[in-house]
Amino acid sequence: MALQFPQLQTRIAKKVVSGLNDRMNGKIEIDRIAIVFFNKVMAYGISVTGTQGDTLASVNKLSVSVSPADFLRGKILINRIFIEDGCFNLVKENKEGYTNINRIFNTSPKPDSLKKPFRIPDMEIGAVILRDMAFALVNQPADTVPRAPGCINFKNLGLSDINARINRVEIIDNSITCRIRDLSCIDRSGYELKSLSGHFTLNGSESRLDNMHLTDNWSEINAEYLSLAYSSGKDLKDFIHKVTMAADFRNSTLDFRSIGVFAESLRDNTLRIGLDGQVSGTVSALKAYDLKVHTDTGSDISLSAEITGLPDIKDTYFNFSVKHITTTTQEVSGIISQFSRKPNSIAKIVPGTEVSLTGLAYGNLSTLYSLGTITSDIGSVTYEVDMKSDPDSTVRRISSDVELANLDVGKILDKEAFGDIDLKARIHAQIPEKGSGKMIDARLEHARINSITIKGYEYKDIAITGEMRNGSADIRLLSHDPAFPVMFQSIVDLRQDKTLDRIKLYLDVPYSDLLSMNLVKEGTLASAGITAKADLQFTDRSILGSVLLDNISYANDNGQYNIDSIYIHSFLSENEHTVTLRSPIMQAGYTSTDSPSRLAARLAQAVNCPPLERLLPPDTAGKATKNGFYDFHLQTFDMSQICDIIMPGLYIADGTSIDFSLDESNLLDFNFTSSSIAFGNRKGSSYSLDNVRLNAGNTGSDVKGSLTVDRIKSGNMTVDSAMISLDEDGKDMLLKLSYNNADTTWLDMSAR
């Protein structure tokens, strides 16, 4: 009877503990113990500490209820285990597996060869309740990989607020089964497992959780099962290759921040997806069956996948079978930004348009094959891509077939002038490794444009081929469209730094129906033709070479117009850049020893004066650069045909000329002269100007200009000797206007 008194029970327990302490490098302490005969034991203030003052374990309250009758029959039946306000701290003190447990209890870790199979006696536990528990795992700093804030470090775990309710625990033949009603904890990283429940099984070949329900700070995962299969416990040391995972997700919501606590690169990724489907295999050989993924904003994915070779991403092989992907460019843009952490402009492509994809893809980072079809309400794209890389080469080879059907190019480019396109193309490319210094080689085997709509006209039967090799691109186009038959070829050469070096082109348009193409909207006839040849070389200062425009023709309701050749030639001679234009309608010449890109700034310098300085742009000509000169001359011949094409009724007299010069000292001289200019409007009114002279410059250090016209006629009105002049006058500009009208009306006016 005396054994039923708690004081005596505590004294006996402490006596037993004292005997244990003599054989330890530490001590076990118990504040008090109470045994309720014959089915319950309660202990309070239990602690296990080392001689260094470190705590291995402590429990404020431990309560165990048992069934004595079952014990007498040789069966272990524990009704309830309750543990409250406790902690367990496991410290690995060296790489050989020596821990604080070995140190405190004076034991040494045994090598694997001497370890006996661990066996738990058969038993049943009705309930296990943990309340306000904590667990810490500490590794040596040299054996620990630093983790970013907010990420779990499995080598330095710190779990607190561990609360659990576990029922129907059975241990039979070293196999454990139980029902986890609720399990929650908080890691020192801030990650909180709010609730975990399910039916748990653990044996020598599998760990399994059926009817799993998990919630954390961001996600809610439901699975019919989640399992880890292995041959023995040793397989856990090679988890990636020897532990087979399996899960069947149902109505789950996965926030990538939940993955981010394990994968540092995803810790700020706020993407949320819905998840349904089966996943199985090892990390190195993973399979997914009928996996369905959807996002909160409407994207939907259904696929099966097989991935082998992880974690070595370079040797990873994948095989995706995409039943369908439905999304928008805004959604794709957001998802890519979440992973790249950089903004992109994908959302600007056909915004608001839903796109669906079906197809397959298999291969690895160096060898990939994919085919599929992308459909939407703006058309469809069917593609086939074969990408290969040679093991001993830094070049990646790509071959691709593309078919566009009723694809609205205008919506993609956001240009109303463009409409649908039907196209089939095949392209081959060799892409060198970035930084290799090599250029892309490519060959457009064919691109057949069956139809493309531009400005409301449907062009048909257009073929394009091309090739780019060693920085030289050869592009050819042949159109059999009835309104626009064209032959075109261009050769473009690039320098090693990918800047433009040379262009050679040939264009032949024997006939084009401008009315059908909606380029001209008035009249009953509008057609044009031209042949063009060009050979141009690009330097840092100028464009050199020649352009020949030949067989120029135009026809409309007013007649047929034919213009002979126009020839433009650009060359360098003794540091002078010269451009000449020769044609039956005009001739022109340009000579300069300065860069064309500096002309605008040089002109601004030339006319800079106090009255105009606020109107001129900032000086960008560069004072450190030596000035050269500019000289330009143009003179017209018979312009009648060109004038009729530009504006019926327009007339520019033969001999009309423009002369412009700007010397090294920034002296400017501009002159325009024409004996007659006439034009009319659609209402039938006509206007004419006789002996027009326009002069401007800065000679004499002052900026000045004048326009004089001997006679201006507009209907029945005549103005003689009209003059407008503008002269610099200190801080002001002086404007003068004068004219007379048949000696009866005159005006002489000036203003500042």
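Look up a bit, the structure's there.
A brief look at the structure comes next. (Residues numbered from 1 in each chain as written. Predicted model: local features only at pLDDT ≥ 70, side-chain atom pairs only at ≥ 80, totals over all residues. Heavy atoms only, no water.)

## Digging into the overall build of the protein
The following threshold applies: Working definition: helices are DSSP H or I runs of at least four residues, strands are E runs of at least two. Numbering for both runs from the N terminus. The reference for a compact globule is 2.2 Å times residues^0.38; the radius of gyration itself is calculated from the C-alpha atoms. For the exposure calls, accessible area comes from a 1.4 Å probe over protein chains only, and a residue counts as buried if that area is under 20% of its type's maximum, exposed if over 50%, partly exposed in between.
Each helix and strand counted, the protein has nine helices and 41 strands in total. In terms of C-alpha radius of gyration, the protein reaches 44 Å, well past the compact-globule figure of 27 Å for 752 residues. Overall, the C-alpha framework of the protein stretches about 150 × 65 × 50 Å when taken along its three principal axes. Residues classed as buried in the protein amount to 35% of the 752 residues present.

## A few points about the environment of F256
Going by this rule: Any two residues whose heavy atoms approach within 4.5 Å are treated as being in contact.
Along the polypeptide, F256 turns up in helix α5 (residues 256–260). Separated by 169 residues in sequence, F256 and C87 have C-alpha atoms that sit 31 Å apart. With residues up to four places along the chain from it excluded, the contact list for F256 reads L266, N269, L271, I273 and F339.

## So, the packing of aromatic side chains
Between two aromatic rings, the relevant description is the distance of the centres plus the angle of the planes. Under the convention used in this document: Note on aromatic contacts: the rings of Phe and Tyr and the six-membered ring of Trp form a pair at centre separations within 6.5 Å, being stacked when their planes are under 30 degrees apart, edge-to-face when over 60 apart, and tilted otherwise. When the NZ atom of lysine or the CZ atom of arginine is within 6 Å of a ring's centre and also within 35 degrees of its normal, the charge is said to sit over that ring.
Taken as a whole and assessed by the stated rule, the structure comprises seven aromatic pairs. One aromatic cluster is present, formed by Y457, Y459 and F484 through successive ring pairs. Geometry around Y44 places R32 over its ring, the cationic atom sitting 3.9 Å from the centre.

## Notes on the environment of T49
By the element assignment, T49 lies in strand β3 (residues 40–50). Residue class for T49 comes out buried when judged on its relative accessible area of 15%. Apart from residues lying up to four places away in sequence, T49 is in contact with N25, G26, K27, D54, T55, L56 and I104.

## Some points on unusual backbone geometry
Here D85, not a glycine, exhibits a phi torsion of approximately 55 degrees, which is positive. Its location among the elements puts D85 in strand β5 (residues 76–91). A residue is classified by how much of its surface remains accessible, and D85, at 44% relative accessible area, is partly exposed. The backbone of N551 shows a phi angle near 50 degrees, a positive value even though the residue is not glycine. Tracing the sequence through the fold places N551 in strand β28 (residues 543–556).

## Overview of the nonpolar core
So the rule is basically this: Residue types Ala, Val, Leu, Ile, Met, Phe, Trp, Tyr and Cys, when buried and joined through side-chain atoms within 4.5 Å, form a set referred to as a nonpolar core.
One finds I125 and V169 to be the most contacted residues of the largest nonpolar core, which totals 48 residues. Setting aside its immediate chain neighbours within four residues, I125 contacts I78, I81, R168 and V169. Judged by nonpolar contacts, the second largest core, of 21 residues, contains A447, Y459, I462 and M517.

## So, the side chain of S400
Put simply, the rule reads: Polar contact is the term for a pair of N or O atoms within 3.5 Å; when the atoms are in protein, one must be able to donate a hydrogen and the other to accept it, and sequence-neighboring residues count only if both atoms are side-chain atoms.
By secondary structure assignment, the location of S400 is in strand β20 (residues 395–408). We classify S400 as buried; its relative accessible area is 9%. Looking at S400, its side chain comes within polar contact range of the main-chain oxygen of E384, at 3.3 Å.

## Details of a nonpolar patch on the surface
Applicable threshold: What makes a patch is a set of residues exposed beyond 30% relative accessible area and free of salt bridges, joined within 9 Å when like-charged and within 5 Å when nonpolar (Val, Leu, Ile, Met, Phe, Trp, Tyr). Note on areas: Shrake-Rupley with a 1.4 Å probe; residue coverage comes only from the protein chains shown. Here a salt bridge means any side-chain nitrogen of Lys or Arg lying within 4 Å of a carboxyl oxygen belonging to Asp or Glu.
Taken together, the side chains of L694, L707, I724, L726 and L735 make up a nonpolar region of the molecular surface, amounting to roughly 360 Å² of accessible area. Tracing the backbone through its elements, the reader meets L694 in strand β37 (residues 686–697).

## Considering the side chain of T295
Position of T295 relative to the elements: it lies in strand β14 (residues 285–295). When its relative accessible area of 11% is taken as the criterion, T295 is described as buried. With sequence-adjacent residues up to four places away left out, T295 is seen in contact with R272, I273 and E331.

## Side note on the pairing of strand β39 (residues 717–729)
The criterion, for reference: Pairing between two strands requires that DSSP report at least two bridges joining them.
Bridge count between strand β38 (residues 704–714) and β39: ten bridges; the pairing is antiparallel. Of the residues in β39, the one forming a bridge with V709 is A722. The turn joining β38 and β39, which pair antiparallel and follow one another in sequence, is formed by two residues; a positive phi near 65 degrees is taken by G715. Looking at chain direction, β39 and strand β40 (residues 732–741) are connected through eight bridges and run antiparallel. Counterpart to M723 in the pairing with β40 is S738. Taking the residues between adjacent antiparallel strands as the criterion, β39 and β40 are bridged by two residues, where G730 takes a positive phi near 65 degrees.

## Some remarks on the pattern of salt bridges
What the rule picks out here adds up to 27 salt bridges. R208 serves as the salt-bridge partner of D210, at 3.0 Å between the closest nitrogen and oxygen. R208 gets classed as partly exposed once you look at its relative accessible area, which sits at 24%. The partner of D296 in a salt bridge is R272, with the nearest N and O atoms 3.3 Å apart. One end of the pair, D296, is in the loop between β14 and β15 (300–308); the other, R272, is in strand β13 (residues 272–282), and 24 residues separate them in sequence. Each member of the salt-bridge network shares a partner with another, and the members are D255, R257, R272 and D296.

## Some remarks on helix α6 (residues 329–340)
Here is the rule: A helix is expected to span 1.5 Å for every residue after the first.
The end-to-end C-alpha separation of α6 is 16 Å, in line with the 16 Å expected for twelve residues at 1.5 Å each. Listed in full, the buried residues belonging to α6 are T329, E331 and S333. Check the buried side of α6 and you find it contacts β14 and β16 (317–328).

## Remarks on helix α8 (residues 599–606)
Looking at α8, one finds that the buried residues are A601, R602, A604 and A606. Summarising the contacts, the buried residues of α8 are in contact with β33 (630–636), β35 (657–662) and β36 (668–680).

## Focus: the pairing of strand β1 (residues 26–29)
With burial as the criterion, only one face of β1 is covered, namely that bearing G26 and I28; the residues K27 and E29 on the opposite face remain uncovered. Taken together, the four bridges between β1 and β3 define a ladder with antiparallel strand orientation. In the sheet register, I28 faces β3, and the bridge partner there is V48.

## Examining the environment of T375
Relative to the helices and strands, T375 resides in strand β18 (residues 368–376). Of the residues examined, T375 reaches a relative accessible area of 33% and is grouped as partly exposed. Here the alpha-carbon distance between T375 and L404, two residues 29 residues apart in the chain, equals 10.0 Å. Not counting residues up to four positions away in its chain, the partners in contact with T375 are E354, V355, S356 and S380.

Any functional reading would require information beyond the geometric quantities listed.
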